[in-house]
Amino acid sequence: MVGYQEVPVEASGFTLITPTFDKVDGSSITLKDIGAKNSYESVQLLNTDAGTDAEYFFVSKEDSGLEADGWFLDDLETPADDVAIPEGKSILFSSLGTESITFAGQVATTGKPVTTEESGFTMIGNNTPVDIALKNLVCTGINSYDSIQFMDENLSTAQEYFFVAKEDSGLEADGWFCDDLETPADDIVIPAGSGVLFSATAGAVTVTVPAAL
């Protein structure tokens, strides 16, 4: 099944997003598949401290003097169109007026596991075209008090939800909770195409978003 989807982004500031479709030809999704609209909008990859590890800028042909729009390294000269976005990972989009990013392609029929860093932050996201609840994430090796953070347009924490094993909560089942560690959060939704930061506390976790089909 093929299709397309508009994923909303903040018109000014930062938004964590992740591609929701596979390429029809089976190749990797790259920056050239991210349809920015305004020159000097950028994509950042974050490190385990949520600092910038790499940044790439979109420049229109009118501003670059080249024959086509394109993505460039932060020197604004070295082409970066073919930089791949790792499967299941999210990217940090910095908008200068763009309000949505269009993803198109083929709906994946299998989940794409992402192994987090052993500690600190890992950029993951809902890489399917349907919303998913925290309780439906498949997390292998997860530990109590590992968390998922939703970020705002200033890259500050908007909400944080913690996983707590039943052995630590005293309840009948593992679950996700708000930051008071009491209010259930199993049904909190990660919208289609949205990215989040996974914070591991005691070792790497393999996180899989089940396929939509």
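Placed above this text is the structure.
Quick caveat, the model's predicted, so the values are computed rather than measured. (Residues numbered from 1 in each chain as written. Predicted model: local features only at pLDDT ≥ 70, side-chain atom pairs only at ≥ 80, totals over all residues. Heavy atoms only, no water.)

A. Here's a closer look at the overall build of the protein chain. Per the secondary structure count, the protein chain includes two helices and 17 strands. Taken along its principal axes, the extent of the C-alpha atoms in the protein chain is 65 × 35 × 25 Å. If you take every contact in the protein chain between residues at least 6 apart in sequence, the share linking residues at least 24 apart comes to 69%. On the protein chain, roughly 10400 Å² of surface is accessible, and the fraction owed to carbon and sulfur atoms is 48%. When the 8 basic and 36 acidic side-chain charges of the protein chain are each reduced to a single mean position, those positions are 9 Å apart. (Helix = DSSP H or I, 4+ residues; strand = E, 2+ residues; numbered from the N terminus. Contact = heavy atoms within 4.5 Å. Areas by Shrake-Rupley, 256 points an atom, 1.4 Å probe, with all protein chains shown as cover. Lys, Arg positive; Asp, Glu negative; His and termini not counted. Charge placed at Lys NZ, Arg CZ, Asp CG, Glu CD.)

B. Just the sheet that holds strand E14 (residues 175-177), in detail. If you trace the five strands from one edge of the open sheet to the other, you get E9-E16-E12-E13-E14, paired in antiparallel fashion. Edge positions in the sheet fall to strand E9 (120-125) and E14, since each has one partner strand and no second. Sheet twist, expressed as the mean angle between neighbouring strand axes with direction ignored, is 30°. Relative to strand E16 (residues 195-200), strand E12 (residues 147-151) runs antiparallel, the two being bridged by three bridges. Opposite glutamine 149, over in E16, you have leucine 197 as the bridge partner. (Pairing = 2+ DSSP bridges. Axes fitted to C-alpha atoms, helices over the stretch in contact; angles between N-to-C directions.)

C. Looking closely at the environment of valine 43. Here valine 43 is to be found in strand E3 (residues 42-46). On a C-alpha basis, the gap between valine 43 and alanine 204 in space is 25 Å, while along the polypeptide they are 161 residues apart. Not counting chain neighbours up to four residues away, the residues in contact with valine 43 comprise Leu31, Ala54, Glu55, Tyr56, Trp71, Ile91, Leu92 and Phe93.

D. Representation of the side chain of threonine 128. Summarising the element assignment, threonine 128 is placed in the loop between E9 and strand E10 (132-133). Judged by its relative accessible area of 6%, threonine 128 is buried. At a separation of 2.8 Å, a polar atom in the side chain of threonine 128 contacts the side chain of asparagine 126. There is a polar contact of 3.0 Å between the side chain of threonine 128 and the backbone oxygen of valine 130. (Buried < 20%, exposed > 50% of the residue type's maximum accessible area, 1.4 Å probe, protein only. Polar contact = N/O pair within 3.5 Å; in protein donor to acceptor, adjacent residues only side chain to side chain.)

E. Inspection of the pairing of strand E4 (residues 52-59) at higher detail. Two strands pair when backbone bridges link them, and E3 and E4 are joined in this way by five bridges, in the antiparallel orientation. If you follow serine 42 over to E4, its bridge partner there is phenylalanine 57. Linking two consecutive strands that pair antiparallel, namely E3 and E4, is a turn of five residues; a positive phi of about 65° is found at alanine 50 within it. Here three bridges tie E4 to strand E5 (residues 70-72), and the two strands are oriented antiparallel to one another. Bridging from a neighbouring strand, phenylalanine 58 pairs with tryptophan 71 of E5.

F. Inspection of the nonpolar core at higher detail. In terms of nonpolar packing, the biggest core is built from 22 residues, with Leu137, Ile148, Trp176 and Phe198 touching the most fellow members. For this core, the elements supplying multiple residues, two or more each, are E12, strand E13 (157-164) and E16. Considering every element that reaches this core, the biggest residue donor is E16, with three residues. When residues no more than four places from it in sequence are discounted, the contact partners of isoleucine 148 are Leu134, Leu137, Gln159, Glu160, Tyr161, Trp176, Val196, Leu197 and Phe198. Listed in part, the 20 residues of the second largest apolar core include Val7, Ile17, Ala80 and Ile85. (Core = buried A, V, L, I, M, F, W, Y, C linked by side-chain atoms within 4.5 Å.)

Structural measurements only, silent on function.
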